[in-house]
Amino acid sequence: RKKEREEAEAKEKALQELFIDADNFVWRAVGGMKQPVVNIRTSEEVSGAWNATRMLSKILDLWRPEIVFAVWDTGMPPSKTDLLPQYKSFRQDPTRSSYVEQMATRVRANEPRVFELFAQSGCINVKLGVSEADDIVAAMVYSEKFLPELSRVCVTGDKDYLHLADKALISLSRRYDL
C-alpha cells in the first residue's frame, strides 16, 4: 500500500511539459566526457550519444514529464543580427581556440545520434526555420493556446532562458547536475 501511495503521489507531482535546449544538451554531453568514446566497428566518436543517453535517462526519471520537447537551434535569426550586429559575434572570432573548434566538430558529429535518441525516447524534436531554441521555447511557453496552465521546466545552461522564469521553472543545469 505504501508503494501504491508513493506512486500515486509521484503521478500527481509529475511534470506536464519539459523543454530541453537540445544544442546546449549536446555540448554538455560531449563536453562531459573526459575521454572520447569510440565505436570500435566504425571508429566514429559516440561520446555525445552515450553521455546524452545517461543524461536524458536521469532527467526523465527525475521529472517524469508527460511531454518532452527537444528544441534545436537552426541558425542565427537575421532580425537579431540586423538589430544588433555584434550579437554573438564572438562565435565568428578567428582567434577562437583550437579546443573550442575541436569541441564544435565533436558536437556536430554527435548531433544526429542525439536527435535520434530524443526521437526513440518519445521526445518531440523541434526545428523551425532560422531560429534559436530559446526563442522557440519562449513562444511555446507564452502561448496560452498551445498548452495553458501547465507545469513546465526548461533544461538548459543558457541564461537566455531566464526571461521565462515567471512562466516556467528554469533548470540551469551544470555538468555535475546531470
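In this report, the structure presented in the accompanying data block is examined. In this text, all values refer to a predicted model and were calculated from it rather than measured experimentally. (Residues numbered from 1 in each chain as written. Predicted model: local features only at pLDDT ≥ 70, side-chain atom pairs only at ≥ 80, totals over all residues. Heavy atoms only, no water.)

1. Quick notes on the pairing of strand S1 (residues 17-21)
Here is step 1 of the chain: The buried count for S1 comes to 5 of 5 residues, which makes it a mostly enclosed element.
Here is step 2 of the chain: Neither face of S1 is left uncovered, since the one carrying Glu17, Phe19 and Asp21 and the one carrying Leu18 and Ile20 both have all their residues buried.
Here is step 3 of the chain: Pairing between S1 and strand S2 (residues 67-71): 5 bridges, direction parallel. Looking at S2, one finds that aspartate 21 is bridged to valine 71. (Buried < 20%, exposed > 50% of the residue type's maximum accessible area, 1.4 Å probe, protein only. Helix = DSSP H or I, 4+ residues; strand = E, 2+ residues; numbered from the N terminus. Pairing = 2+ DSSP bridges.)

2. Quick look at the packing of helix H2 (residues 22-31) against helix H3 (residues 47-63)
Here is step 1 of the chain: The contact between H2 and H3 brings their axes to 8 Å, and the two run at 115°. Classified by the interaxial angle, the pair formed by H2 and H3 is roughly perpendicular. Taken as a pair, H2 and H3 cross one another with a handedness that is right-handed. Residues Phe25, Arg28, Ala29 and Val30 of H2 lie in contact with H3, whose contacting residues are Ser47, Gly48, Asn51, Ala52, Met55, Leu56 and Ile59. (Axes fitted to C-alpha atoms, helices over the stretch in contact; angles between N-to-C directions. Parallel < 35°, antiparallel > 145°, perpendicular 65-115°, else oblique. Left-handed = near helix turned anticlockwise from the far one by under 90°. Contact = heavy atoms within 4.5 Å.)

3. Comments concerning the pairing of strand S4 (residues 152-156)
Here is step 1 of the chain: Of all 5 residues in S4, 5 are buried, a share of seventy percent or more.
Here is step 2 of the chain: The two faces of S4 match: Arg152, Cys154 and Thr156 on one face and Val153 and Val155 on the other face are all buried.

4. What to know about the side chain of aspartate 21
Here is step 1 of the chain: Position of aspartate 21 among the secondary structure elements: in strand S1.
Here is step 2 of the chain: Buried aspartate 21, no salt bridge; nearest opposite-charge side chain is arginine 28, N-O distance 7.9 Å.
Here is step 3 of the chain: Of the polar contacts made by the side chain of aspartate 21, one reaches the backbone nitrogen of asparagine 24; its length is 3.2 Å.
Here is step 4 of the chain: Of note is the side chain of aspartate 21, whose polar atom sits 3.2 Å from the side chain of threonine 156. (Lys, Arg positive; Asp, Glu negative; His and termini not counted. Salt bridge = Lys/Arg side-chain N within 4 Å of Asp/Glu carboxyl O. Polar contact = N/O pair within 3.5 Å; in protein donor to acceptor, adjacent residues only side chain to side chain.)

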